[in-house]
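Chain and residue survey
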Amino acid sequence: MLIKLKPFDTLFFRNSRPFTKGEDTWTDFVFPPYPSTVYGAIRSYLIFKMGSLRDFREGKFRDILGVPGEPAKFTIKGPFLMKEDKLVFKMPYDLVKLKDEDGKVFLLDFTEKPSLLVSDFPFDYGLLWKREENVDDAAGWMEELNFEDYLKGEKQEFGVEKDEIFYKIEDKVGISINKAKGTSEEGHLYRFSMVRLMEDTGMVIKIEGIEEFDDEGVLQLGGERKAVAFEKMVKNSFEDLENLALTLETGIFKIYLATPAIFKKGWLPDWIDEKTLEGEFKGIRVKLLTCAIGKYITIGGWDMAEGESKPLKKAVPAGSVYYFKILNEVDKEKVKETFHFKNISDEKAEEGFGLSIMGEVKRL
């Protein structure tokens, strides 16, 4: 079941860095929202559709929505941005742009580690830029067809879409109010950023494990509990991506994280040995050859049922890419069934973390 979200107004999402009015003057902005934010909004919508928060605490919806401290019985994949019925994806970290130039991004060369390289770099392979031009980190988004070309591994150059095509940022000013006096607090002026999606842009999620959902309605999402319209989608917008033909002819593949992943070993999945960089996941033995990951982010949130903050977790950001080599004799279709379009996060996978999308690695 696919659900499309379309806000009526601006939305507010921030990271988990503590923010104290009067001590801080600027909140940190996050977009797209973390999967847990959307998961919590859907869960809350279903709680009040089926009953009350008290009923939830007492476990009356346990078979579907779980209980406080336990996950619900449904899972999500996403959220994804969608413009005019086409998905768009966060820029992969193994792409770069030419310095002082925009509009195009280029795939780094996957190559064996140079023998003259002396460092604590733990991998046998690396991602290098072999041309003479200077490059910077790439930023922005890839539209669906460009992203599929990237996954097929047949091109080195791709188009890039900027943030302002999909949304714009509106900075707001706020001031803390003394609830007892009804007056503003001196020195408690602060600023925060909100996102306004363009008219033809929305967010899409896939919900699995539950069918008890209205065809359309309104739920609350993000800070200030802004109203967001939702509707079930008739067309499966993920079909082409899910059915992407992958040959895996080199025995090497990449995993692109479409959503942040919470790994118990920080940047490294729990099923990969820290020394050998080998491991087994659901019967597939692999070796991690190299990766391109961004700076860690922190995931938190607010527990509505308990009325307290959730513990903070470090996570690998969306757009990070891991390169693996298959070590055992296994059907290539099983590899795809195991890793492609699956939530592989060590923690909170049911909430949508660690959504992996497989890609080919054809150049050695």
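The structure this text deals with has already been given above.
Below is a short write-up of the structure. Fair warning: this is a prediction, and the values are worked out from it, not measured in the lab.

Observations concerning the overall build of the protein chain
Helix and strand counts for the protein chain stand at 6 helices and 25 strands. In the protein chain, which comprises 364 residues, the proportion classed as buried is 49%. Here the contacts in the protein chain between residues at least 6 apart in sequence split such that 71% fall between residues at least 24 apart. Split by element, the accessible area of the protein chain, about 18400 Å² in all, is 46% carbon and sulfur.

Details of the sheet that holds strand E24 (residues 342–343)
With antiparallel pairing, 6 strands are arranged side by side in an open sheet as E17-E18-E23-E16-E25-E24. Across the chains shown, the open sheet's two edge strands, defined by having one partner strand only, are strand E17 (278–281) and E24. Relative to strand E25 (residues 355–360), E24 runs antiparallel, the two being bridged by 2 bridges. From the neighbouring strand, asparagine 343 faces E25, where its bridge partner is leucine 355. Where helix H4 (residues 144–152) meets the sheet, it contacts strand E16 (252–257), strand E23 (321–326) and E25, and its direction lies at approximately 65 degrees from that of E25.

Examining the sheet that holds strand E4 (residues 95–98)
Pairing is antiparallel across the open sheet formed by 4 strands, whose spatial order is E8-E4-E5-E10. A strand with exactly one partner marks an edge of an open sheet, and here the two such strands are strand E8 (135–137) and strand E10 (157–159). On average, adjacent strands in this sheet sit at an angle of 45 degrees to one another, irrespective of strand direction. Two strands pair when backbone bridges link them, and strand E5 (residues 104–107) and E10 are joined in this way by 3 bridges, in the antiparallel orientation. Across the sheet, the residue bridging to valine 105 is phenylalanine 158, located in E10. Contacting E4, E5 and E10, H4 runs over the sheet at an angle of about 160 degrees to E10.

Things to note about the pattern of salt bridges
According to the stated counting rule, one finds 23 salt bridges in the structure shown. Among the salt bridges present, the one from lysine 60 reaches glutamate 58, with a minimum N-O distance of 3.9 Å. A relative accessible area of 48% places glutamate 58 in the partly exposed class. Where glutamate 133 meets arginine 131, a salt bridge forms, and the shortest distance between an N and an O atom there is 3.1 Å. One salt-bridge network, in which partners are shared between bridges, spans Arg54, Asp55, Glu58 and Lys60.

With respect to the side chain of serine 320
Relative to the helices and strands, serine 320 resides in the loop between strand E22 (313–315) and E23. The class for serine 320 is buried, based on a relative accessible area of 0%. Only 2.9 Å separates the side chain of serine 320 from the backbone oxygen of proline 317, close enough to count as a polar contact. For serine 320, the contacting residues outside a window of four places in its chain are Tyr93, Ile255, Tyr256, Leu257, Ala292, Ile293 and Gly294.

Structural notes on helix H1 (residues 35–50)
The end-to-end C-alpha distance of H1, which contains 16 residues, comes to 23 Å, matching closely the 22 Å that a straight helix rising 1.5 Å per residue would cover. Among all positions of H1, only Pro35, Ser36, Val38, Tyr39, Ala41, Ile42, Arg43, Tyr45, Leu46 and Ile47 are buried.

Remarks on unusual backbone geometry
The omega torsion across phenylalanine 31 and proline 32 is 0 degrees, close enough to zero to call that bond cis. Residue proline 79 is bonded to the preceding glycine 78 through a cis peptide linkage, with omega at 15 degrees. With phi around 50 degrees, glutamate 84 is a residue other than glycine that occupies positive phi space. Looking at the secondary structure, you find glutamate 84 in the loop between strand E2 (75–83) and strand E3 (86–90).

Considering the environment of isoleucine 344
With respect to the helices, strands and loops of the structure, isoleucine 344 is situated in the loop between E24 and E25. By relative accessible area, which is 5% here, isoleucine 344 ends up buried. When the C-alpha atoms of isoleucine 344 and alanine 261 are compared, they prove to be 7.6 Å apart, with 83 residues separating the residues in sequence. With sequence-adjacent residues up to four places away left out, isoleucine 344 is seen in contact with Ile255, Phe263, Phe281, Phe353, Gly354 and Ser356.

So, the packing of aromatic side chains
Aromatic ring pairs are defined here through the distance separating the ring centres and the angle between the ring planes. Tallied over the full model, the rule gives 27 aromatic pairs. Aromatic pair phenylalanine 213 and phenylalanine 230: ring centres 5.1 Å apart, planes at 55 degrees, arrangement tilted. Residue phenylalanine 213 is located in the loop between strand E13 (201–208) and strand E14 (216–221), and its partner phenylalanine 230 is located in strand E15 (residues 226–232); the two are separated by 17 residues in the primary sequence. Taking the centre distance of 5.8 Å and the plane angle of 25 degrees together, the rings of tryptophan 271 and phenylalanine 324 count as stacked. Pair noted here: tryptophan 271 is in the loop between E16 and E17 and phenylalanine 324 is in strand E23, with a separation of 53 residues, a long-range link. The two residues tryptophan 271 and phenylalanine 324 agree in class, both being buried. Among the aromatic residues, those joined into a ring-pair cluster are Phe80, Phe89, Phe147, Tyr150, Phe158, Phe238, Tyr256 and Phe341. The ring of phenylalanine 106 is capped by arginine 131, whose NZ or CZ atom sits 5.0 Å from the centre of that ring. Over the face of the ring belonging to tyrosine 296 we find lysine 314, whose NZ or CZ atom lies 4.5 Å from the ring centre.

Thresholds applied
Residues numbered from 1 in each chain as written. Predicted model: local features only at pLDDT ≥ 70, side-chain atom pairs only at ≥ 80, totals over all residues. Heavy atoms only, no water. Helix = DSSP H or I, 4+ residues; strand = E, 2+ residues; numbered from the N terminus. Buried < 20%, exposed > 50% of the residue type's maximum accessible area, 1.4 Å probe, protein only. Contact = heavy atoms within 4.5 Å. Areas by Shrake-Rupley, 256 points an atom, 1.4 Å probe, with all protein chains shown as cover. Pairing = 2+ DSSP bridges. Axes fitted to C-alpha atoms, helices over the stretch in contact; angles between N-to-C directions. Salt bridge = Lys/Arg side-chain N within 4 Å of Asp/Glu carboxyl O. Polar contact = N/O pair within 3.5 Å; in protein donor to acceptor, adjacent residues only side chain to side chain. Expected span 1.5 Å × (residues − 1). Phe/Tyr/Trp six-rings, centres within 6.5 Å; stacked < 30°, edge-to-face > 60°. Lys NZ or Arg CZ within 6 Å of the ring centre and 35° of its normal.

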